[in-house]
Amino acid sequence: MKSETMKSPYETFAGDSDLHGVPIAVEGVGPFGGSELISEPLVTGNKTYADVDRDIAFHVENFPTRRWWICFFIAGSMLGLLLFSLATLFYVGEGVVGINHPVGWGTFIVNFVFWIGIGHAGTLISAVLFLFRQKWRTAINRSAEAMTLFAVACAGIFPIIHLGRPWFAYWLMPIPNGRGPLWINFNSALAWDIFAISTYGTISAVFWYVGLLPDLATIRDRATHPWRRKLYHWLSLGWTGSNRAWKHYEAAYLILAALATPLVFSVHTIVSFDFATSIMPGWHTTIFPPYFVIGAIFSGFAMVLTLMVFMRQVFNLKNYITINHMEAMAKIIMLTGMLVGLAYSTEFFVAWYSGSEYEGFVFRNRAFGPYGWSYFIMFTCNAIIPQFFWIKKIRRNPYTLLVIAILVNVGMWFERYVIIVTSLHRDFLPSSWGMYHMTFFDWSILIGSFGLFFTLFLLFVRFLPSIAMSEVKGVMDPEVARCRPEDDASEEA
Amino acid sequence: MPKHPDNHEPAKPIDFTEEIVHRVEFPDGSEPLALDRREFFRMAGAASAAVALATTGCQIPTEPIVPYVNRPEEQRKIGKPMFYATTLGNIPALVRTREGRPILVEGNPSHPRIQTPNLRAQAAVLDLYDPDRATGPLSVRRSKGLPKPVGWEVLTKKATDALQESRGKIALLTSYEGGPATQDVLKEFSKAFDAKIFHVSPLENDRETLAWKSCFGEVPKPLPRFDKAELVVGFGAEFLDFPENGMDADYAERRDPEKRKNTLGRLIAFEGRLSLTGANADERIRLRPSHMAAAALALAHEIIMVRRIGPAASLENVRETLAPFAVENVARTTGVEAKTFKRIADELVRKQGKSVVISGSTATSQAHGEALETAVALLNYTLGNYPKTFDIRSNTPLRSGGVKRLETLADELRAGRIDVLLVAGANPLYDAPASLNFAQAMQKAKLVISFADRVDETARMADFLATASHPLESWGDARTDAGLFGVVQPSIRPLYDTHGWLDVLISWSALAGAKGPLADAHKASLDHVMQKALVHNPAYHYVKTYWSARFFTGQIDQEQAWRDVLKKGWIDLGGTRAPLPAFRASALATLRNYKLSEGKGLELECFPNHALYDGSQGNNGWLLEFPDPISRVAWGDWLAMAPSRFDEMGLENGDLVEVAFNGSSWKLPAFRQAGMHRDVLAAPLGWGRSHAGQIGSEVGRNLFPALQVSDGAPVRSGISATLKKANGNEPLAICQGGDVLDRVRRPLVPVASLSSYLADPASGTGQTPGGESIWPKHESKDIRWGMTIDLSRCTGCGNCVVACQAENNIPVVGKRGVLDGREMSWMRIDRYYDAPEKKGGWDDSVFQAPPEVVEEPKTLFQPMLCQHCENAPCETVCPFVATMHSEDGLNQQVYNRCVGTRYCANNCPFKVRRFNWFDYQKPRPNLLFQVLIPEIKRHATLNVRGKMQMKNNPEVTVRYRGVMEKCSFCVQRIMDAREKARREGRKGELRDGEVVPACMAACPSKAIVFGNVLDSASNVSRTGKSPRAMKILEITNVIPSIAYLTKVRNEK
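The following refers to the structure shown.

Calculation notes
Residues numbered from 1 in each chain as written. Chains lettered and ligands numbered in written order. Predicted model: local features only at pLDDT ≥ 70, side-chain atom pairs only at ≥ 80, totals over all residues. Heavy atoms only, no water. Helix = DSSP H or I, 4+ residues; strand = E, 2+ residues; numbered from the N terminus. Rg over C-alpha atoms; globule rule 2.2 N^0.38 Å. Contact = heavy atoms within 4.5 Å. Areas by Shrake-Rupley, 256 points an atom, 1.4 Å probe, with all protein chains shown as cover. Lys, Arg positive; Asp, Glu negative; His and termini not counted. Charge placed at Lys NZ, Arg CZ, Asp CG, Glu CD. Buried < 20%, exposed > 50% of the residue type's maximum accessible area, 1.4 Å probe, protein only. Axes fitted to C-alpha atoms, helices over the stretch in contact; angles between N-to-C directions. Left-handed = near helix turned anticlockwise from the far one by under 90°. Nonpolar A, V, L, I, M, F, W, Y, C, P; charged D, E, K, R; others polar. Pairing = 2+ DSSP bridges. Phe/Tyr/Trp six-rings, centres within 6.5 Å; stacked < 30°, edge-to-face > 60°. Lys NZ or Arg CZ within 6 Å of the ring centre and 35° of its normal. Core = buried A, V, L, I, M, F, W, Y, C linked by side-chain atoms within 4.5 Å.

**With respect to the overall build of chain A**
Part 1 of the reasoning: The helix and strand inventory of chain A stands at 18 helices and two strands.
Part 2 of the reasoning: For 493 residues, the compact-globule estimate of 2.2 N^0.38 gives 23 Å, and the C-alpha radius of gyration of chain A, at 25 Å, lies within 12% of that figure.
Part 3 of the reasoning: Principal axes of the C-alpha set define a box for chain A whose edges measure 85 × 55 × 40 Å.
Part 4 of the reasoning: Within chain A, contacts between residues at least 6 apart in sequence are counted, and of these 78% link residues at least 24 apart.
Part 5 of the reasoning: Carbon together with sulfur atoms contributes 69% to the accessible area of chain A, which is approximately 20,300 Å² in total.
Part 6 of the reasoning: A distance of 3 Å separates the average location of the 34 positive side-chain charges in chain A from that of its 33 negative side-chain charges.

In structure tokens:
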């Protein structure tokens, strides 16, 4: 800073309307006396550090709002639907859903892959963007990570409930057992899934929890009720905030980020092996691992975006999750959307290039067969709709963002539907071709899984700080945020 | 170095790691007791715990227990099947029983003509345990109120009184033809009470007999021998749909290209709908049923009048009779090209004495049926086929139909000449034409007693139900067509309070005062009952006495002869070969009444359903769920329409259409049936039972009453009808996805024409090869099981499908299950329409069944079951190792280990794996879930009511929900044979043919060969090495253990 009296360029940003998504040129501060471009602030509204604590901890410390209760009631009802459906499913059998011969995998695996894909964004945001020093991630990483965990939880139930005899699911664990010398089949991609998903779930949970520690301590310190203090004390593992603690914390966070990064790529790669290692035309392709990973990031970002739009609205966090954050995510969605479109086209090219009747037929049938409508939805939502983000107005408007993000998620759900259903429903022997019709229970399990996801998410925002306070403080301009006269006054008083 | 006792060593410290065993010996030489202190305490502890448990927690079982000593002798062979020879209808069979209960109907391999039971005979075992059977005699009171149980004593009293009082006014209506003894019982009964006997059979057709009689007089009608016929020309022929007397096996014998080469059989079929026979034809010509006779006469004209062949040319009036049927005339009217007739005439002339011309029962049951039969007889006579390709036996009975007799009976009833009506096996209130108004006539009788096994359509309008035993519970005899007689022998005591209808008839007659053999049999049976406390079965004594007197007269030991027959199940009385008299010119008079007319309007054909036939086994889940071999529809009827007409009307499969004929109109779900003549509609008979039971009632519509009677026989084809679209849709349970196979794109079925086969025996088996495999080969020491299926022999009849279902405890899933794509059958017969070659090849539209393919289709059948692949794709993807390869090459499914990911089913390129979506074989009593998922109630109805589970084969696990299942190559039979070999000291060395899977055993055409492919002398390795052998989907590198042998079509 050249002059003590000069105001920080950040001070004038009261909210989204003041943001333009382009850097600010500050005259006369460049190395040669010219102007310097500074990026727009990540937090608006001239917040101080104390404001951050107040704004974010508010939702943890106060009785939930009416809006929260309405959301919770809806999500809870959907969860109830899931529990009812599962009870029926477990008592009666897999026949309650629409799967059949030849379509042996339907809703369950579609939803499984869908949710696992959703889960990718959280880790990507928190680990990969952390390693790339993308500071804008701080506003969203906490909730994105939480979303990952809940998405993995949702995904995790599907491989179990899709089993014919779910009570024996533990047989998949390679644990010493009394069932004779039998071991799991390490050739099977489904066995690899178990390792991939459990590793991913574990690392994500640890990463998320470690990141939560300073904020839990903040809540503890602010707590007035002894029980709350006790609970958060216990949760924050005795965080002191000392330099030593911070040093270790940051080192641990960095290591965990490094550990989690390869998982972003491995998990969906392995999930794609569930298909790629089969001999079914339409599944047996080498493009699946990168295609699945990109698709996962794509859908995950869309889901984060959806949640963010609601969160900043419902919890009044517009100053922390600014329109600039959302634009950044929109850009990633646009990029991954194009990559996904490229994958779709490549698949078609390879199916034609292979010269295989079966391979070629599956792809033509996908696009023009009886399930052509689902392919159309998929292609439109995933490859075409995100292209609207080329228009700045659209990627900076929360409403258009929300619509497009939801459409992307719809598209990505259909991508899994297309891959699973259209490949299975018409394969080698025309005699065995069939159709898959979703029943009430297919739908209720799909809707119910959203119920589970949103219920968990709403509980998360109620009981834990949904924005990483300590990290947000780290990216604020200390000039502005350190204190304000009235705060000083109140402190003195 | 041995230790010397004197060598004083210092005492060794006790090594506690070593087990110290105190050896105790007993003076009686029993085993030394090896027990240490700890072991003793352990055992003592366990024993006292057991005592404590037994005295506190357990109770003496309170169920009634059955002492083992009182079981029949053979039942003491626990765990081993026993076989009983019997005859079901006219199908000789061996009944496999386990622990005293029949579980499977198998073929009688010793029988000279019929070695495999058909679908209905196989399914009879399910009828035995049908929970909808009446469990004892009932007072039905013509459905005034619910039926009430009534004791046999009461019923016998009523019946005998009525028999005595109404002498001369008694009628017996039966559909059972029976054997000589049965016939004799009826004769004696008729004699004793001056009763009238009426034989009826809804699908029998008097026109055949009438035509035959007019052609040759009162001589037996010979049966064709397809193994001797190089050329078969059929006019609506159905001999493969409903083969009699081993016709299917004979036909297949002629279709073996390796054996027959140039003399391979050839089948030309004229027909209106696509029948199974037509689907097997080498050349198929679509023709309206009403033009059948014209087509046959065109051939006759061409051969007799144009080429002056055969003795018929000299018959008087033949020229005038045949003149209107000159080839050109007929061609103009029927739309079949003249050169086609000429070519077929050429072929027939070339194969004189080596051909068969035949019509079918549905085709002849039209108004012009007699003309058709006469033309067919004239052709065979002209070509000199009669002694050569036909079996002429003096004791083949002349068939006579029923409706005429039923008409007579109805008239008698209405005239009040019948007071007592006994009904055995017949069900006229279901299958008689409504115009007879039999229900109303029946009301005139003072007493109606039905010998049905349930309160069926007729029995519910009777006074009493004298509940009859199932054929597997009763005695009798039967006749198979060509001079062969069989015994009907029970393989189980009646499950309920029932008696065989013959037993009851004999007893009642005897008690009502009949003398002679009836009384003797009754008395003999009573004596027997007194002596041995057995079931009262006079029919046994009657049959035995009759057979001894007639058939064993020359035998020294008649008792032994009888036992031999019981063991073997049949007797061949030969029958002299009678020369056939000359064709009577007077028969041509029939033809003169037949005028060649332009085909106008639509013609409806009501054909018997392949599985249900006349519908008498209408409560049988296996038959109801059997997919029709042509339409592949199960659980309901349909109206087959030509694709062009179907498309014009803008229909979808299952859309209801209204078809009006004979003054009534019916709504039927339309079905786009390939190969239909444009103006022919076809609907199956045998559906729509209203009182079959909980399984079969109200499935489809019953078209029998809508049929019209003409010349004393119902008209089942050539019925003029009108058609219009109706509202609504009734989903059809079609057991197949795609219909069309383009073999250029997907070489799944090996097919070749005879000429290309002769040029290159491997033609038609070309495939895209797979690449190198990364998997190591499985090592098999002595045995690797394999199978070949000869598609040249396979006719697609589906006997194997029912055999597999019966053998392997495969549940019935119901219509909902089939609609949802969840049929459980391990074996299916894929039916494809072969896409013709097209310049530039077909694109994907070929799979939409375009008119070019399905208007004039060539049908292919491919039995599909688990291929037991060498590199089984299912095995690598199962995370639980629930499916793996055995040393002897089986792809095994371990139900206990299966958790049900269904990945194996997804990854199976043949889609032969079946998943248990529900607990099909368990009652699920929870009311809440029954309301939510009504299917679970239906599954229990279909599979586990009453005694139904007794049908299950104890050798095969009944699968729980959530596990995968599939063909096991009948591993239980493999194990059984292996055990037998071990017992006989053969150390697992199995002889070829020792293991016969159920499908192979049931295959009439011997298309399926199973065995050890490592044994170079085995049948299967011989067939497997045939140049015709092809393992499908080579491109996937799965290497199946099943090879399909090329279907060789006898065409250029």
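Picking up where we left off.
**Brief notes about the side chain of Glu-605 of chain B**
Residue and element names in this part refer to chain B.
Part 1 of the reasoning: Mapped onto the elements, Glu-605 comes out in strand S22 (residues 602–608).
Part 2 of the reasoning: Accessibility expressed as a relative area gives 5% for Glu-605, which makes it buried.
Part 3 of the reasoning: The residues touching Glu-605, leaving out its near neighbours within four places in the chain, are Arg-273, Pro-289, Thr-362, Val-680, Leu-681, Ala-682, Ala-683, Arg-716 and Ser-717.

**Topic: the packing of helix H10 (residues 323–354) of chain A against helix H11 (residues 357–368) of chain A**
When two helices pack together, you describe them by how their axes are tilted relative to each other and by the distance separating the axes.
Residues and elements named next belong to chain A.
Part 1 of the reasoning: Running from N to C, H10 and H11 cross one another at 145°; their axes reach a closest spacing of 8 Å. Seen along the crossing, H10 lies across H11 with a hand that is left-handed. Counted together, Glu-347, Phe-348, Ala-351 and Ser-354 of H10 and Glu-359, Gly-360, Phe-363, Arg-364, Arg-366 and Ala-367 of H11 form the full contact between these two elements.
Part 2 of the reasoning: Per-class residue counts for the contact of H10 with H11 are four nonpolar, two polar and four charged.

**Concerning the pairing of strand S30 (residues 719–729) of chain B**
All names here are of chain B.
Part 1 of the reasoning: As paired strands, S22 and S30 are joined by three bridges and run antiparallel to one another. Paired with Leu-602 across the strands is Ala-721, a residue of S30.
Part 2 of the reasoning: Of the strand pairs in this sheet, strand S25 (residues 655–661) and S30 are connected by six bridges, and their pairing is antiparallel. Counterpart to Val-659 in the pairing with S30 is Leu-723.

**Describing the environment of Glu-559 of chain B**
Part 1 of the reasoning: Here Glu-559 of chain B is to be found in helix H21 (residues 558–568).
Part 2 of the reasoning: Sequence-wise, Glu-559 of chain B and Trp-501 of chain B are 58 residues apart; in three dimensions their C-alpha atoms are separated by 25 Å.

**Examining the packing of aromatic side chains**
Part 1 of the reasoning: Here the structure, examined in full by the defined rule, presents 89 aromatic pairs over all chains.
Part 2 of the reasoning: On the basis of an interplanar angle of 15° and a centroid distance of 6.4 Å, the ring pair of Phe-186 of chain A and Phe-195 of chain A is categorised as stacked.
Part 3 of the reasoning: Using a relative accessible area of 41% as the deciding quantity, one classes Phe-186 of chain A as partly exposed.
Part 4 of the reasoning: Assessed through its relative accessible area of 34%, Phe-195 of chain A is described here as partly exposed.
Part 5 of the reasoning: In this structure, Lys-568 of chain B packs its charged tip against the face of Trp-570 of chain B, placed 4.1 Å from the ring centre.
Part 6 of the reasoning: The ring of Tyr-430 of chain B is capped by Arg-689 of chain B, whose NZ or CZ atom sits 5.3 Å from the centre of that ring.

**Some points on the sheet that holds strand S11 (residues 231–235) of chain B**
All names here are of chain B.
Part 1 of the reasoning: Read from one edge to the other, the open sheet built from four strands follows the order S13-S12-S11-S14, with strand pairing classed as parallel. On the outer flanks of this sheet lie strand S13 (283–286) and strand S14 (355–359), each paired with one strand and no other. When the angles between neighbouring strand axes are averaged without regard to direction, this sheet yields 10°.
Part 2 of the reasoning: As paired strands, S11 and strand S12 (residues 266–271) are joined by five bridges and run parallel to one another. Pairing of Val-233 across the sheet is with Ile-268, part of S12.
Part 3 of the reasoning: Taken strand by strand, helix H12 (residues 338–350) contacts S11, S12, S13 and S14, and its axis lies near 140° from that of S12.
Part 4 of the reasoning: Contacts from helix H14 (residues 369–382) reach S11 and S14 within the one sheet, and its direction differs from that of S14 by about 175°.

**Some details on the nonpolar core**
The nonpolar side chains of a soluble globular protein tend to be buried with one another.
Part 1 of the reasoning: Trp-115 of chain A together with Trp-635, Phe-910 and Phe-969 of chain B are the most contacted members of the largest nonpolar core, which has 293 residues in total.
Part 2 of the reasoning: Top element by residues in this core is helix H9 (residues 288–314) of chain A. It accounts for 15 residues.
Part 3 of the reasoning: What Trp-635 of chain B contacts, discounting residues up to four positions off in sequence, is Leu-624, Glu-625, Trp-687, Ile-695, Val-699, Ala-733, Val-812, Gly-814, Lys-815, Val-818, Arg-938 and Leu-942 of chain B.
Part 4 of the reasoning: Phe-226, Tyr-251, Phe-325 and Leu-591 of chain B belong to the second-largest nonpolar core, a separate cluster that totals 72 residues.

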